[in-house]
Each structure stands twice: as structure tokens, then as C-alpha cells.
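# Reading the structure
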Amino acid sequence: MEVREIRLEGRLGSDSLPVWVRHRAGLLNLSGWLDRADAEHARIVVAGPGPMIEAMEVSCSLGPADVMVEQISSSPLWLDDIPQGFSIR
Amino acid sequence: MSLAYARNDWYVIADRNSLEQGPRRTRLLGDEIHVSGSYAHPVIKDASGRMLPTQIKFDHVWTTVGDRPRPLFDIPEGNEPGRRLVPCGMVRVKCSPLRAVENFLDIAHFPFVHTDVLGAEPYTEVEPYKVEIREQNDEVWATKVKFFQPLAAKSAAGGITTDYEYRVPAPTTAVLYKTCPPKPEAQDVITIFVQPRSETECDVWPWMALYDDDTPYADLVQFQQMIFLQDRSILENQRPIKLPLDPRMEIPTRSDLTSVAYRRWLKKRGAFYGALAETL
């Protein structure tokens, strides 16, 4: 089990982003949450098997059709409690 | 779809051989066009009789239907002395022109579709490689790609680990640079120029610039045609027919980074002709 933080920058203002991220996390059996600071920055925390997290990062670099991800980066994260389910914050 | 964007790109619509067979009708971006004349002086007209601009480049005839066409990219290796330039005819595929390009960029399918030629089990793993959108010329590049191939080219004597680089200079063109078996310090160039007949049908015109003076021309063409015919059965059965810009129905992985970068690049340009741009 790994936990990683994925940071996105770009044109992220569409309402489709939270729905899309939650759907994708469910498909990959990942838990965690999405924080969207503003229309240009978002942070996704995901917990699960490494290859599934890697697939999440690859998917997020494209994102939903009406979102343009300009930059993506990720780093490991250490949490005291592994999140259950996937939430939008 | 974004027809307005697509209209201002240049497309291959003939080669020398097809022109020598006399006038013919073909389709470009959903409309009929008429091709006649000679290879040196091709005459291209749209359905209303309007003359379309032409240029001869990379052993093919190019045209555009736009009012403000973007410049046609260059492939400088085509001018290098010692290379053999090989136009490979045309393969018609009932698929999105963008899917044809994306398939060309995909390495992971080699062992399963081009078995014992471009790939073989158990050598199925795609090692990490680098993908970038080069801002300087606004092109997609994948570099440091390595893959074991039983028969990498007609000139190969046996299995080798092949170094690949991919370049996408226009939405319907992909260029592959790969290890040249008889001249390891150089790279062969294999290109597909995709003529979008419509959003769901295309003509693929492969072209190569090789260091290979020995293999007969017919064998080189036959080798490429065999590869593309193997791809065609896969391409014509992909659903949705258009290339989705939203990966919701797929689970892309690290080996798909070139495809993902290509789709991001299309999205950024608004090059949606042949793409499914809606969120699924």
C-alpha cells in the first residue's frame, strides 16, 4: 500500500473534474480525496497499490475532455490514517 | 469535430505511382477531390472545380483546402546522402485518422499483433521512456524507447533490442526513428502520412528513409504493407471509432504515455477532427 500526492495545474475549472477523478479512483480501487484550490490548481491524494497509483497519474495527465492539464507532479506522502473511500473536499 | 483547424493542415493525397495510373477521385476531410496531371505537375481540384495548392515533398503530393495553411513540417533526414527513400503505397483503413497515428505510436501491441516480427512473448514489457511536448516547434516526442524485436526490419539478420524515437509534427503524421540493423550508428526513418478521408476513414501512406541498398524495393514495400495490414484488423474494430480525448473508458498505463501526450497535444491545439472530444 502506497500513498501519493498528485498535483495538477492547468485549466481545471470544469465541473467534470471531481466526478471524473472520483470515477477513475473507483475504477482503480484507490481511496483518498481531491482538493481543488482554484480553477487552475488541484491536489489529489490517493492510497492503494503502486501500479494503480501510477495508472491514476497517467490518466490524470490527460484528464477529462474539457480539462487541460498543463503540469502534473507527484510525490510520496506519509499519513497516520489511510483514507477510506474517495471524497471531494 | 474541428474541421476549421483540420482544413489548414497539408495532407498527402497521391504518390508518383498513383498519379501514373491516371486521374482519380479521392476524399479529403469529408469532401470529394479530383487528382490528375503528372507527378511533376499535379492538378488537384475540389468538388466545385476550385484548384487546390500542391507541393511535392517526401515523394508524395500534398494539398490543403484551407485559406491560411500552416507550413508543412520538414523531415531533414530525407535529404541526407546515402539514404534510400521508399514510398510504400497506400493502405485504406476504416478508422479515425487520429487512431491510425495513435496505433503507430503504440509499442505495447507489437508482441501481440506483429508476433515474431516487431515483438514476441515473453518480451512484452515496455521499459520506462521519456515523452515531452517540445514547445520550440510544438511537436510530441518520445525518446529513449527500447524494445526487443525478433525481426526489426527487412535488413535485420535476427532479434535485436531496438532503440526508438517517435515524433508527431502534425495531427495526422507520425515519424519513427529506429535502430538501423546494418548501420547501428544511424537511425532508419519510417513515417506514416495519414489522409483523412473523413472522421472515420483514412488512407495511410507509409514512407521510409533507410540505409539499405540491398533489399529489393518490392520486399521493403511488402514488409511495411504486411505490418499495416496486421494493424488494420485491430484499428477497424476499435470502439468508439473516433479517438476519445477522455480516457474514462480505458486504463492507460506508463507504456501509453506517448498516446496520452498525443491526445493532450491534440486537445491543446483544438485538433478534434476524428476525435471524440466530449466527456464520456
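In the block above lies the structure referred to throughout.
To start, this report covers the structure provided alongside it. (Residues numbered from 1 in each chain as written. Chains lettered and ligands numbered in written order. Predicted model: local features only at pLDDT ≥ 70, side-chain atom pairs only at ≥ 80, totals over all residues. Heavy atoms only, no water.)

## Remarks on empty space enclosed by the protein
Residue and element names in this part refer to chain B. Put simply, the rule reads: The method works on a 1 Å grid over the protein atoms by themselves. A cavity is a set of points holding a 1.4 Å probe that cannot get out, a pocket is an open set with protein on both sides within 12 Å along at least five of seven lines, and residues with an atom within 4 Å of a point line them. Grid points are joined across faces, edges and corners, and a volume is the space filled by probe spheres set on the points. The numbering of helices and of strands both runs from the N terminus, where a helix is a DSSP run of H or I of at least 4 residues and a strand a run of E of at least 2.
In the structure shown here, the tally under the stated rule is 5 cavities of 30 Å³ or more. Considering only enclosed or pocket space, the largest cavity measures out at about 170 Å³ in volume. Forming the boundary of the largest cavity are 17 residues, of which Phe 104, Phe 110, Leu 118, Leu 176 and Ile 227 lie nearest the centre. Those elements that place two or more of their residues in the lining of the largest cavity are helix 3 (97-105), strand 11 (160-170), strand 12 (173-179) and helix 5 (217-235). Element by element, the count of residues in the lining of the largest cavity is highest for helix 5, at 5 residues.

## With respect to the packing of aromatic side chains
We describe a pair of aromatic rings using the distance from one ring centre to the other and the angle between the two ring planes. Residue and element names in this part refer to chain B. Heads up, the rule is: Only Phe, Tyr and Trp rings are paired, with Trp represented by its six-membered ring, and only when their centres lie within 6.5 Å; those with planes under 30 degrees apart are stacked, over 60 edge-to-face, the remainder tilted. Burial here depends on accessible area, computed with a 1.4 Å probe over protein chains only, as a share of the maximum for the residue type. Under 20% is buried, over 50% is exposed, and the range in between is partly exposed. In our convention, an over-ring charge means Lys NZ or Arg CZ found within 6 Å of a ring centre and within 35 degrees of that ring's normal.
Scanning all chains against the criterion turns up 15 aromatic pairs over all chains. Centre to centre, the rings of Phe 58 and Phe 193 are 5.7 Å apart; their planes meet at 20 degrees, and the pair counts as stacked. Taken together, the residues span a long stretch of sequence, with Phe 58 in the loop between strand 5 (54-57) and strand 6 (60-63) and Phe 193 in strand 13 (residues 187-198) at a distance of 135 residues. Like Phe 58, the residue Phe 193 is buried in the burial classification. An aromatic cluster of at least three residues, connected via ring pairs, comprises Phe 104, Phe 110, Phe 147, Tyr 164, Tyr 166 and Phe 228. The lysine or arginine in question, Lys 183, covers the ring of Tyr 211, its NZ or CZ lying 4.0 Å from the ring centre.

## Notes on the packing of helix 3 of chain B against helix 6 (residues 257-269) of chain B
All names here are of chain B. Applied cut-off: To define axes, lines are fitted to C-alpha atoms, for helices over the stretch in contact only, and angles between the resulting N-to-C directions are given on a 0 to 180 degree scale. What makes a crossing left-handed is the near helix being turned counterclockwise from the far one by less than a right angle; a clockwise turn instead makes it right-handed. By the convention used here, residues are in contact when the closest approach between their heavy atoms is within 4.5 Å.
As a packed pair, helix 3 and helix 6 sit with axes 9 Å apart at the nearest point and diverge in direction by 145 degrees. The handedness of the crossing between helix 3 and helix 6 is right-handed. Together, Leu 98, Val 101, Glu 102 and Leu 105 of helix 3 and Thr 258, Ser 259, Tyr 262, Arg 263 and Leu 266 of helix 6 make up the contact between the two elements.

## Here we look at the interface of chain B and chain A
Formally: The term buried area refers to how much accessible surface (probe radius 1.4 Å) is lost by two components on association, counted for both of them together. Salt bridges are counted wherever a side-chain nitrogen of Lys or Arg sits within 4 Å of a carboxyl oxygen of Asp or Glu. We call two N or O atoms a polar contact when they sit within 3.5 Å, provided that within protein one can donate a hydrogen and the other can accept it, with sequence-adjacent residues counted only if both atoms are side-chain atoms. Note on residue categories: nonpolar means Ala, Val, Leu, Ile, Met, Phe, Trp, Tyr, Cys or Pro, charged means Asp, Glu, Lys or Arg, and polar means any other residue, Gly included.
Chain B puts 19 residues into the contact, and the matching count from chain A is 21 residues. Where chain B abuts chain A, roughly 1700 Å² becomes buried across the two surfaces, and 60% of that area is made up of carbon and sulfur atoms. At the junction of chain B with chain A, the criterion picks out 1 salt bridge. Note that Glu70(A) and Lys268(B) form a salt bridge whose closest N and O atoms lie 3.4 Å from each other. On inspection of chain B and its partner chain A, the count reaches 9 residue pairs in polar contact (both at pLDDT 80 or more). Across the side of chain B that touches chain A, the residue classes tally to 8 nonpolar, 2 polar and 9 charged.

## Some thoughts on the environment of Trp141(B)
Residues and elements named next belong to chain B. Turning to its location among the elements, Trp 141 is positioned in strand 10 (residues 139-149). Residue Trp 141 is classed as buried on the basis of its relative accessible area of 10%. Beyond its immediate chain neighbours, meaning those up to four positions away, Trp 141 contacts Lys 130, Val 131, Glu 132, Arg 134, Glu 165, Tyr 166, Arg 167 and Tyr 177. Among the polar contacts listed, one links the side chain of Trp 141 to the side chain of Glu 139, at a separation of 3.1 Å.

## Notes on the nonpolar core
This is how it is decided: Residues grouped as a nonpolar core are buried Ala, Val, Leu, Ile, Met, Phe, Trp, Tyr and Cys residues, joined through side-chain atoms within 4.5 Å.
In this structure, Phe104(B), Tyr166(B), Val204(B), Tyr262(B) and Leu266(B) are the most contacted members of the largest nonpolar core, which totals 48 residues. For this core, the leading source of residues is helix 5 of chain B, giving 6 residues. With residues up to four places along the chain from it excluded, the contact list for Leu266(B) reads Leu98(B), Pro171(B), Leu243(B), Leu245(B), Ala271(B) and Phe272(B). By size, the runner-up hydrophobic cluster in this structure holds 20 residues, among which are Leu8(A), Leu12(A), Val46(A) and Ile53(A).

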